[in-house]
Amino acid sequence: MDTTERALPPIGTSSRGFGLARRVYLPRFVGLGIGALCAGAGLYQADAPPWVWVVMIAYCCAWPHIAYQISIRSVSPFAAEGRNLLVDSFAGGFWAVAMAFNVLPSVLLLGALAMNNIASGGARFLGKGAVAHVAGAGVALLTVGLKFRPETSFLTVLLCVPFLLSYPLVLGVVMYRLSIELSRRKDALVLEKRRADEANLANTRALAELASRDELTGLFNRRHMNELLAQQRMACQRAGDSFAVALVDLDHFKRINDTHGHAVGDSVLRAFAKQAGAAMRSTDTVGRWGGEEFLVIYPRSTAHEAAQGAARLHECVAAAVVTTPGGQALTFTVSIGLTDYLPPESVDALIDRADRAMYEAKSQGRNRVVTLPEATATA
């Protein structure tokens, strides 16, 4: 890449205008250079006066650079380039009259300009270009005069051949670059949308996770545990399996709060959550049921099979130590009530039975696991 392409646009110019002007500059420069052969052949056949030749040569040499500067320095480069195309159309109408309406070069120039206009702004801009053609033709009629020599000589045909061959190639290159750019922009938009969707999904999941968690302990909250219980109940009714639940209550928690303060009580709740996470299997779920009560779900397990996990939880909690602000090492225990799910009972009936098992553990002196036998369970 040369230094011209790497150069920054002048101060006060639009970077988008710089890119647009740079893309249009080469096709306009090449088009005017090759178009000058067609126009020159037509002017030669029409015996155009010398000043018309001077204007044509000056226009073809200077206009691409002038149009480039107009575009890059414009506040609205797209509007500026539209005006530049109308100047091209004006010149096309002028050359058609100056060439005495020589058929082949006139049709080639006006046809190429019409294609540029309709590609740039559709039918509406094509109409504006036609008005510019007429204006340019009017100026030529006033300055050059009316001549009508539509015959095209063999020499003019030969000089028009480069335009016939090159213009479709240049147009094809421009359209190819445009299609590549559009494809890249489309891919970028698709990628941006995909990233936005993924970010939205991640945010939604994060919000759902926050909404399902207890703020103090980080465990699942009661609402989410109720949802899990309903899912387990439906799964067991379909597959015929069972599951077990345990209600866990921190022993003498009110005394801890009253003696050491609520900050220590919060530390005890967090310590329980940590020990529960260490004691659980990957398939088990523990959540805060309310206050100092917690609920554990043991999927695909009977109460007898889940008793080992409940005992492990009981032991882990008994080993936990919380340090009070005064430096005292505080331990605590739990009472656990364990029971099975008995289809087709409701979740409320299941929780009620686990609650009775937990209070049985408390009535027996706390700090223990009690399993409510199926024989005493009520549906």
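The structure presented is a predicted model; accordingly, all values stated were derived computationally and were not measured. Counting of residues starts from 1 at the beginning of each chain's written sequence and follows it residue by residue. Predicted model: local features are reported for residues with pLDDT of at least 70 only, side-chain atom pairs are reported and counted for 80 or more only, and whole-chain, interface and lining totals are derived from all residues. Hydrogen atoms and water are omitted, and side-chain values are computed over all heavy atoms in the structure.

1. A closer look at the packing of helix H8 (residues 253–260) against helix H9 (residues 262–279)
So, step 1. All axes are obtained by fitting lines to C-alpha atoms, using only the stretch in contact for helices, and the reported angles, taken between N-to-C directions, cover 0 to 180 degrees. Going along the chain from the N terminus, every DSSP run of H or I of four or more residues is numbered as a helix, and every run of E of two or more is numbered as a strand. Between H8 and H9, whose axes approach to 7 Å, the crossing angle comes to 140°. By the angle between their axes, H8 is oblique relative to H9. Facing Phe253, Ile256, Asn257 and His260 of H8, the residues of H9 in contact are His262, Val264, Gly265, Val268 and Leu269.
So, step 2. Under the convention adopted here, Pro, Cys and the residues Ala, Val, Leu, Ile, Met, Phe, Trp and Tyr are nonpolar, Asp, Glu, Lys and Arg are charged, and Gly plus all remaining residues are polar. For the contact of H8 with H9, the class distribution of residues is 5 nonpolar, 4 polar and no charged. Between 65 and 115 degrees an angle is taken as roughly perpendicular, under 35 as roughly parallel, over 145 as roughly antiparallel, and anywhere else as oblique. The contact criterion used throughout is that any non-hydrogen atoms of two residues lie within 4.5 Å.

2. Focus on the side chain of Asp88
So, step 1. With respect to the element layout, Asp88 can be found in helix H4 (residues 77–98).
So, step 2. What makes Asp88 buried here is its relative accessible area of 9%.
So, step 3. In terms of polar contacts, Asp88 uses its side chain to reach the side chain of Arg28, at 3.1 Å. Here's how the labels work: a residue is buried when its accessible area is under 20% of the maximum for its type, exposed when over 50%, partly exposed in between, all with a 1.4 Å probe on protein chains only. A 3.5 Å cut-off defines polar contacts: any pair of N or O atoms within that distance qualifies, except that in protein one atom must be a possible hydrogen donor and the other a possible acceptor, and neighbouring residues in sequence count only when both atoms are side-chain atoms.

3. So, the packing of H4 against helix H5 (residues 103–143)
So, step 1. Following both chains from N to C, one finds H4 and H5 inclined at 45°, their axes separated by 4 Å at the closest point. Taken together, the axis directions place H4 and H5 in an arrangement best described as oblique. The handedness of the crossing between H4 and H5 comes out as right-handed. Left-handed describes a crossing in which the near helix is turned anticlockwise from the far one by less than a right angle; the clockwise case is right-handed.

4. Thoughts on the sheet that holds strand S1 (residues 244–250)
So, step 1. Any two strands with at least two DSSP bridges between them are considered paired. Reading across the sheet, the 5 strands line up as S2-S3-S1-S6-S7 and stay open at both edges, with mixed pairing between neighbours. Edge positions in the sheet fall to strand S2 (285–290) and strand S7 (369–371), since each has one partner strand and no second. Between one strand axis and the next, the sheet turns through 20° on average, direction left out of account.
So, step 2. With 6 bridges connecting them, S1 and strand S3 (residues 293–298) associate as antiparallel partners. Within the sheet, the bridge partner assigned to Ala244 lies in S3 and is Tyr298.
So, step 3. The strands touched by H9 are S1, S2, S3 and strand S6 (334–340); relative to S1, the strand with the most contacts, the crossing angle is about 150°.

5. Focus: a nonpolar patch on the surface
So, step 1. Patches in this entry comprise residues that are over 30% relatively accessible and not in a salt bridge; like charges within 9 Å are linked, as are nonpolar side chains (Val, Leu, Ile, Met, Phe, Trp, Tyr) within 5 Å. Surface exposure here means Shrake-Rupley accessible area, sampled with a 1.4 Å probe, where a residue is shielded only by the protein chains that are shown. Each salt bridge in this description consists of a side-chain nitrogen of Lys or Arg and a carboxyl oxygen of Asp or Glu lying within 4 Å of one another. A cluster of nonpolar residues, Phe154, Val157, Leu158, Val161, Leu164 and Leu165, forms a patch on the protein surface that exposes about 540 Å² of accessible area.
So, step 2. Note on placement: Val161 falls in helix H6 (residues 154–211).
So, step 3. For Val161, a relative accessible area of 31% gives the class partly exposed.

6. Observations concerning the environment of Tyr25
So, step 1. Relative to the helices and strands, Tyr25 is located in helix H2 (residues 15–45).
So, step 2. Taking relative accessible area as the criterion, Tyr25 reaches 26% and is therefore assigned partly exposed.
So, step 3. Sequence separation between Tyr25 and Asn102 is 77 residues; the distance between their C-alpha atoms is 28 Å.
So, step 4. Residues within four places of Tyr25 in sequence aside, it is in contact with Pro64, His65 and Tyr68.
So, step 5. Within polar-contact distance, the side chain of Tyr25 engages the side chain of His65 at 2.9 Å.

7. Things to note about the confidence of the model for the chain
It should be kept in mind that the predicted coordinates are not to be read in detail where pLDDT is low.
So, step 1. For every residue, the pLDDT score states the predictor's confidence, bounded by 0 at the bottom and 100 at the top. Across the chain, the average pLDDT comes to 85, with 91% of residues at 70 or higher.
So, step 2. In the model, residues 1–15 has pLDDT below 50 throughout and makes 13 contacts with residues more than four positions away in sequence or in other chains.
So, step 3. Low pLDDT, under 50, characterises residues 374–379; the stretch is placed with 10 contacts to residues that sit more than four places away or in other chains.

8. Structural notes on the nonpolar core
Side chains that are nonpolar tend, in soluble globular proteins, to be buried together.
So, step 1. In terms of nonpolar packing, the biggest core is built from 32 residues, with Leu250, Val268, Phe272, Tyr298, Leu313 and Phe332 touching the most fellow members.
So, step 2. Within the residue set of this core, elements represented by two or more residues are S1, H8, H9, S3, helix H10 (303–318) and S6.
So, step 3. Setting aside residues up to four positions removed in sequence, Phe272 forms contacts with Val248, Leu250, Phe294, Leu313, Val317, Phe332 and Val334.
So, step 4. Cys38, Val52, Cys160 and Tyr167 belong to the second-largest nonpolar core, a separate cluster that totals 28 residues. What makes a nonpolar core is a set of buried Ala, Val, Leu, Ile, Met, Phe, Trp, Tyr and Cys residues whose side-chain atoms join them at distances within 4.5 Å.

9. Describing the UniProt feature "transmembrane region" (unreviewed entry) in the chain
So, step 1. UniProt positions are given in the numbering used here, feature names are shortened, and annotations may be inferred rather than shown by experiment. Annotation from UniProt places "transmembrane region" (unreviewed entry) at residues 25–44, 51–70, 90–113, 125–148 and 154–176.
So, step 2. Annotated as residues 51–70, this span is 100% helix and 0% strand, and its ends, taken at the C-alpha atoms, are 26 Å apart.
So, step 3. Between the end C-alpha atoms of residues 125–148 the distance is 29 Å, and the span holds 79% helix and 0% strand.

10. Examining H4
In an α-helix, one full turn covers 3.6 residues, which means residues spaced three or four apart are oriented alike.
So, step 1. Between its first and last C-alpha, H4 extends 31 Å over 22 residues, near the 32 Å set by a 1.5 Å rise per residue.
So, step 2. The element H4 is largely enclosed, with a buried count of 16 among its 22 residues.
So, step 3. Taken from the residues just after H4, Ala100 is the one with a positive phi, measuring 60°. Every helix has an expected span of 1.5 Å times one less than the residues it contains.

11. As for the packing of aromatic side chains
So, step 1. Under the pairing criterion, centres of Phe, Tyr and Trp rings, with the six-membered ring standing for Trp, must be within 6.5 Å; the plane angle then separates stacked pairs below 30 degrees from edge-to-face pairs above 60, leaving the rest tilted. Counting across every chain of the model gives 8 aromatic pairs.
So, step 2. Ring centres of Phe101 and Phe148 lie 6.0 Å apart, and the angle between their planes is 50°; on these two criteria the pair is classed as tilted. Residue Phe101 is located in the loop between H4 and H5, and its partner Phe148 is located in the loop between H5 and H6; the two are separated by 47 residues in the primary sequence.
So, step 3. Here Phe101 falls in the partly exposed class, since its relative accessible area comes to 31%.
So, step 4. Centre to centre, the rings of Phe272 and Phe294 are 4.2 Å apart; their planes meet at 35°, and the pair counts as tilted. Of this pair, Phe272 sits in helix H9 while Phe294 sits in strand S3; the two residues are 22 residues apart in sequence, bridging distant segments of the chain. When sorted by exposure, Phe272 lands in the same class as Phe294, which is buried.
So, step 5. Above the plane of the ring of Phe220 lies Arg213, whose end atom (NZ or CZ) is 3.9 Å from the centre. For a ring to carry a charge above it, either NZ of a lysine or CZ of an arginine must fall within 6 Å of the ring centroid while also lying within 35 degrees of the normal to the ring plane.

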